[in-house]
Amino acid sequence: MAAASSSREHYKESKSPFILIFREKIMPCKSYLIFAFLICTVSRCFAEDDHELEEFLKREYSLSKPYQGVGSLGSSHWELMGDAMVTTDQVRLTPDMQSRQGAIWSRIPCNLKDWEMQVHFKIHGQGKKNLNGDGLAIWYSKERMQKGPVFGNMDNFTGLGVFVDTYPNEEKHLEAQRKRYTSRTPRIFPFVLAMVGNGSISYDHERDGRSTELGGCNAMVRNLKHDTFLFIRYVRHRLTVMIDIDGQHEWRDCLDIPGVRLPQGYYFGASAITGDLSDNHDIISLKLYQLTVFRSQKEEEEEEDEITIPSVDNMDLLRLGENEEGMSGISIFFTVLFSILGCIFLIVIGLVVYSHWTESRRKRFY
Ligand SMILES: *[C@@H]1O[C@H](CO)[C@@H](O)[C@H](O)[C@H]1NC(C)=O
Ligand SMILES: *[C@@H]1O[C@H](CO)[C@@H](O)[C@H](O)[C@H]1NC(C)=O
Ligand SMILES: [Ca+2]
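All values derive from a computational prediction rather than experimental measurement.

**Focus: the overall build of the chain**
- Scanning the chain for helices and strands turns up seven helices and 17 strands.
- The long-range share in the chain, meaning contacts at least 24 apart out of those at least 6 apart in sequence, stands at 74%.

Here's what the structure looks like:
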């Protein structure tokens, strides 16, 4: 967890674009590693602070085999929508067929402050690599049971979405236009990313949501023999996403972001969509744990103000990272050039001043 958190924490502090560039682009690899190691060590000290977690599985927000009554009984805690279907082994959000969308939504709003969701899922289909789509999403949102373009949920949603995006729309689009990535690092899909919506932020499907993402990671989750899991933790306004997809029973960091403000009383859900390309998108289980966190009195006081609209602190800084990623090679070159020239200039001035000073001092001595 430390690695992901450290880089984000660091973002917060390094406001100057130059520092960002310095950190990301120029610093030689070795010193970068040492630097990263130092930050890791430091942030680990901070990360292991006083809070200890106690977990309780909350059955009313969890979904597991044999899915008793799901999709048939009105008394079930979960409701199906669209093409979603329950079988003995899974809740299939979409079958491996074109233009389907399906979802499963909790009926009960969740009033927990701190929670953790473990998602056991499976994405598989006939399509070859990159001939499959579009992916699935896990939700904690104000709205429920809405159809739409965001992995089978409505656009401009209010709340948190964690997406497993299996199709690189942007890359394919650029490819079709025979454009090449300039300085933007191409992504490896499937890609897991998180987004917080406030009711008026649109998910840009053509760009795979890059402009609104909080962070993400690649995750080769398709057509695997072993079980694949996604882990979403929301504690003290800190959002952590991890994945376990290698069959090693180990959580791998995906993203870790402080200052994520989500209201209580939203609904959990999972949805998926297929287009021209398709996949089976299966949920095997959703396990929601209530986390008991010991808060200091100061923290309690800080949390008196109830959150009404989801938001993310320092979103502009997260964006800055995003823009900087898209900075062209030329502008980086000139920024660096002028920075170096500036340094040389300062050194020269310094030397001149210094020699004047020593000179005048020598004169005074004589
Ligand atoms: C939602 O977020 C956007 C972008 O951060 C902001 O411009 C807008 O005012 C926010 N809307 C609400 C209702 O808070
Ligand atoms: C989503 O919000 C954007 C900007 O607030 C707006 O232009 C767009 O029409 C909205 N889309 C839907 C489907 O409501
Ligand atoms: Ca996509």
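From this point on, the discussion continues.
**Details of the site of ligand 1**
- Residues in close proximity to ligand 1 include Asn198, Gly199, Ser200, Ile201, Ile309 and Met315, which together make up its full environment.
- When grouped by side-chain class, the residues that make up the shell around ligand 1 number three nonpolar, three polar and no charged.

**Remarks on the nonpolar core**
- Ile104, Val162, Val192 and Ala270 are the most contacted members of the largest nonpolar core, which totals 66 residues.
- The biggest single contributor to this core is strand 9 (residues 191-198), with six residues.
- Excluding residues that lie within four positions of it along the chain, Val162 makes contacts with Ala137, Ile138, Val192, Ala194, Leu230, Ile232 and Val241.

**What to know about the UniProt feature "transmembrane region" (unreviewed entry) in the chain**
- UniProt annotation of "transmembrane region" (unreviewed entry) refers to residues 332-354 when read in the numbering used here.
- The straight-line gap between the two end C-alpha atoms of residues 332-354 is 33 Å; of that span, 100% is helix and 0% is strand.

**So, the site of ligand 2**
- Close contacts around ligand 2 come from Asp155, Asn156, Ser200 and Ser202, and that covers them all.
- A breakdown of the residues in the shell around ligand 2 according to their chemical character gives no nonpolar, three polar and one charged.

**Digging into the sheet that holds strand 9**
- With antiparallel pairing, the seven strands of this open sheet are ordered in space as 2-5-15-7-8-9-10. Looking at the sheet topology across the chains shown, the edges are occupied by strand 2 (78-82) and strand 10 (213-218). Direction aside, neighbouring strands of the sheet carry axes that sit 15° apart on average.
- Sheet topology note: the strand 7 (residues 135-141)/strand 15 (residues 267-273) ladder contains seven bridges and is antiparallel. Note that in strand 15 the partner of Tyr140 across the bridge is Phe268.

**Some thoughts on the environment of Pro263**
- Considering the arrangement of structural elements, one finds Pro263 in the loop between strand 14 (260-261) and strand 15.
- When the C-alpha positions of Pro263 and Lys113 are compared, they lie 8.5 Å apart, and in sequence the two are 150 residues distant.

**Some words on the pairing of strand 9**
- For strand 9, a buried count of seven out of eight residues is recorded, marking the element as mostly surrounded by other parts of the structure.
- Here strand 8 (residues 158-165) pairs with strand 9 via eight bridges, running antiparallel. Considered in strand 9, the bridge of Leu160 is made with Val196.
- Taken together, the five bridges between strand 9 and strand 10 define a ladder with antiparallel strand orientation. Paired with Ala194 across the strands is Gly215, a residue of strand 10.

**Thoughts on the environment of Ile104**
- Position of Ile104 relative to the elements: it lies in strand 5 (residues 101-106).
- Between the C-alpha atom of Ile104 and that of Trp139, which follows or precedes it by 35 residues, the distance is 10.0 Å.
- Not counting chain neighbours up to four residues away, the residues in contact with Ile104 comprise Trp78, Leu80, Ala84, Val91, Leu93, Gly269, Ala270 and Ile283.

**Here's the deal with unusual backbone geometry**
- The omega angle of the peptide bond from Lys65 to Pro66 is 0°, so this bond is cis rather than trans.
- Counting through the fold element by element, Pro66 comes out in the loop between strand 1 (53-57) and strand 2.
- In this model, Gly133 is joined to Asp134 through a cis peptide bond whose omega is -10°.
- Relative to the helices and strands, Asp134 is located in the loop between strand 6 (115-124) and strand 7.
- Backbone geometry at Tyr67 places phi at a positive 50°, although glycine is not the residue there.
- Residue position: Tyr67 is located in the loop between strand 1 and strand 2.
- The class for Tyr67 is buried, based on 22 C-beta atoms found within 10 Å.
- Here Met145, not a glycine, exhibits a phi torsion of approximately 55°, which is positive.
- By the secondary structure assignment, Met145 is in the loop between strand 7 and strand 8.

The rules we used
- Residues numbered from 1 in each chain as written.
- Chains lettered and ligands numbered in written order.
- Predicted model: local features only at pLDDT ≥ 70, side-chain atom pairs only at ≥ 80, totals over all residues.
- Helix = DSSP H or I, 4+ residues; strand = E, 2+ residues; numbered from the N terminus.
- Contact = placed C-beta atoms within 7 Å.
- Near = placed C-beta within 6 Å.
- Nonpolar A, V, L, I, M, F, W, Y, C, P; charged D, E, K, R; others polar.
- Core = buried A, V, L, I, M, F, W, Y, C linked by C-beta atoms within 7 Å.
- Buried ≥ 20, exposed ≤ 12 C-beta atoms within 10 Å, placed from the backbone.
- UniProt positions renumbered as here; feature names shortened; annotations may be inferred.
- Pairing = 2+ DSSP bridges.
- Axes fitted to C-alpha atoms, helices over the stretch in contact; angles between N-to-C directions.

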